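Working through the structure, step by step
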Amino acid sequence: MSALHLASLPINLREFRRLAAFRGFGADEGRALHHLLSETFGKGLLQPFRLMPAPKGTGGGHGATLYAYTGTPEEVLRENLELAAPELLNALGTAHLALREMPETWREGRRLAFDLRVRPVRRLLKPLEGWSREENRRGLKGEDLRGPMKKGSEVDAFLISRLRQFPEGLPEDAETGEFSRESIYLDWLAERFEGAAVLDRQATRMTRFARNRVQRSAENGKEAISEGPDATFHGELTVTDGDAFQKLLTSGVGRHTAFGFGMLLLRPGGS
């Protein structure tokens, strides 16, 4: 098995977004990167990945760095570049591709800090119904209600927890303490780390939250757009199983890891 490497690419956001729009992926940057990286380096060879825009006020607002994990040898990646279209090389900054080998082993008990962007969702094993703000708004407008969420639907982990605990509606003081959105997402995150690492909840914070839309190919071959949570966490963990932790880095955390979510960016942890 090839060693795991951390790769980085300087992305020209203006050129990338122009190309993404031309290719029909302008509505979803994660999907655009998924397709453009696959065309350039080979399908799935640079994932999970994370696009990190430069701080405001630098690079004219058009710079970003893409980080990704890869188990593919550097010579293979560079050989694949020989076949890439010129516009891909320009938008993805491939002339400045850099790679660094990650540790071969992870010591049990090693403490690490992390930066992680995830889409904290769950697949429903059975239909779920209950009060929601959206359904309430539809009812007040006299619109048809959508009814229970179907089995197999991908749903915000916080919404599922809320509907199960408060099926008649959310109390005014519910989104605090143990039932805050951050707390529910930390439960979700700890589950994803289980068997590989232990999450330090006291040292972990949700630093960004938004709801955004993603564009995916549906089973019927048509394009489908869905809305869902987009959360970033800064925190610390302790490795409990080195092999399982390596697999977690390689596969990514949660769903949509091929589209810009789930990459664990690491740095030394506190004592």
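Refer to the structure above for everything that follows.
A few points on the structure. (Residues numbered from 1 in each chain as written. Predicted model: local features only at pLDDT ≥ 70, side-chain atom pairs only at ≥ 80, totals over all residues. Heavy atoms only, no water.)

Among the residues of helix α6 (residues 157–165), A157, F158, I160, S161, R162 and L163 are the ones counted as buried. For α6, the N-terminal capping position is held by D156, with its side-chain oxygen 2.9 Å away from the main-chain nitrogen of F158. (Buried < 20%, exposed > 50% of the residue type's maximum accessible area, 1.4 Å probe, protein only. Helix = DSSP H or I, 4+ residues; strand = E, 2+ residues; numbered from the N terminus. Polar contact = N/O pair within 3.5 Å; in protein donor to acceptor, adjacent residues only side chain to side chain.)

With that settled, the discussion passes to the packing of aromatic side chains. Summed over all chains, the structure comprises three aromatic pairs. The interplanar angle of 75 degrees and the centroid separation of 5.2 Å between the aromatic rings of W106 and F245 together place this pair among those described as edge-to-face. Placement of W106 in the loop between β4 (98–101) and β5 (111–118) and of F245 in helix α8 (residues 242–251) is noted, with a sequence separation of 139 residues between them. Residue W106 is classed as buried on the basis of its relative accessible area of 7%. Taking the centre distance of 5.7 Å and the plane angle of 85 degrees together, the rings of F114 and F193 count as edge-to-face. One end of the pair, F114, is in strand β5; the other, F193, is in helix α7 (residues 181–193), and 79 residues separate them in sequence. Residues F114 and F193 agree in their burial class; the two are buried. Of note, R117 hangs over the ring of F261, and the distance from its end group to the ring centre comes to 4.1 Å. (Phe/Tyr/Trp six-rings, centres within 6.5 Å; stacked < 30°, edge-to-face > 60°. Lys NZ or Arg CZ within 6 Å of the ring centre and 35° of its normal.)

Counted as a void, the second largest pocket has a volume near 460 Å³. Along the wall of the second largest pocket there are 21 residues; nearest its centre are E29, L51, R117, R208 and D230. Looking at the lining of the second largest pocket, the elements with two or more residues in it are α2 (29–41), β2 (49–53), β8 (197–217) and β9 (223–239). (1 Å grid on protein atoms, 1.4 Å probe; cavity = no way out; pocket = protein on both sides within 12 Å on 5 of 7 lines; lining within 4 Å. Points joined across faces, edges and corners; volume = space filled by probe spheres on them.)

Let us now look at empty space enclosed by the protein. In total, this model carries one cavity of 30 Å³ or more according to the counting rule given. Volume-wise, the largest cavity comes out at about 50 Å³. For the lining of the largest cavity, the residue count by class is six nonpolar, five polar and one charged. (Nonpolar A, V, L, I, M, F, W, Y, C, P; charged D, E, K, R; others polar.)

On to the packing of α6 against α7, then. Following both chains from N to C, one finds α6 and α7 inclined at 110 degrees, their axes separated by 9 Å at the closest point. One element, α6, and the other, α7, form an angle in the roughly perpendicular class. Residues A157, F158 and S161 of α6 touch α7, and the partners they reach there are R181, I184, Y185 and W188. (Axes fitted to C-alpha atoms, helices over the stretch in contact; angles between N-to-C directions. Parallel < 35°, antiparallel > 145°, perpendicular 65-115°, else oblique. Contact = heavy atoms within 4.5 Å.)

With 33 residues, the main nonpolar core has F114, L189, F193, F245, V253 and L264 as its most contacted residues. Mapped onto this core, the elements with two or more residues apiece are β5, α6, α7, β8, β9 and α8. Per-element tally for this core: the top contributor is α7, with six residues. F193 has contacts with F114, L116, L199, L237, L248, V253 and L264, leaving out every residue within four places of it along the chain. (Core = buried A, V, L, I, M, F, W, Y, C linked by side-chain atoms within 4.5 Å.)

The next subject is the pairing of strand β1 (residues 5–12). Burial of β1 is extensive: six of the eight residues sit out of reach of the surface. Note: β1 against strand β3 (residues 63–70), eight bridges, orientation antiparallel. In the sheet register, L6 faces β3, and the bridge partner there is Y69. (Pairing = 2+ DSSP bridges.)

On to the pattern of salt bridges. Considering all chains together, one arrives at 17 salt bridges under this definition. The salt bridge involving D200 is made with R111; its shortest N-O contact spans 2.4 Å. With a gap of 89 residues between them, D200 in strand β8 and R111 in strand β5 connect regions that are remote in the sequence. A residue is classified by how much of its surface remains accessible, and D200, at 21% relative accessible area, is partly exposed. R111 sits in the partly exposed class, given a relative accessible area of 26%. A salt bridge links R122 to E191; its shortest N-O distance comes to 3.0 Å. You can see R122 sitting in strand β6 (residues 121–123) and its partner E191 sitting in helix α7, a full 69 residues away along the chain. Salt bridges sharing partners connect three or more residues here, namely D156, R181, R211 and E227. (Salt bridge = Lys/Arg side-chain N within 4 Å of Asp/Glu carboxyl O.)

All we've got here are geometric facts, nothing functional implied.
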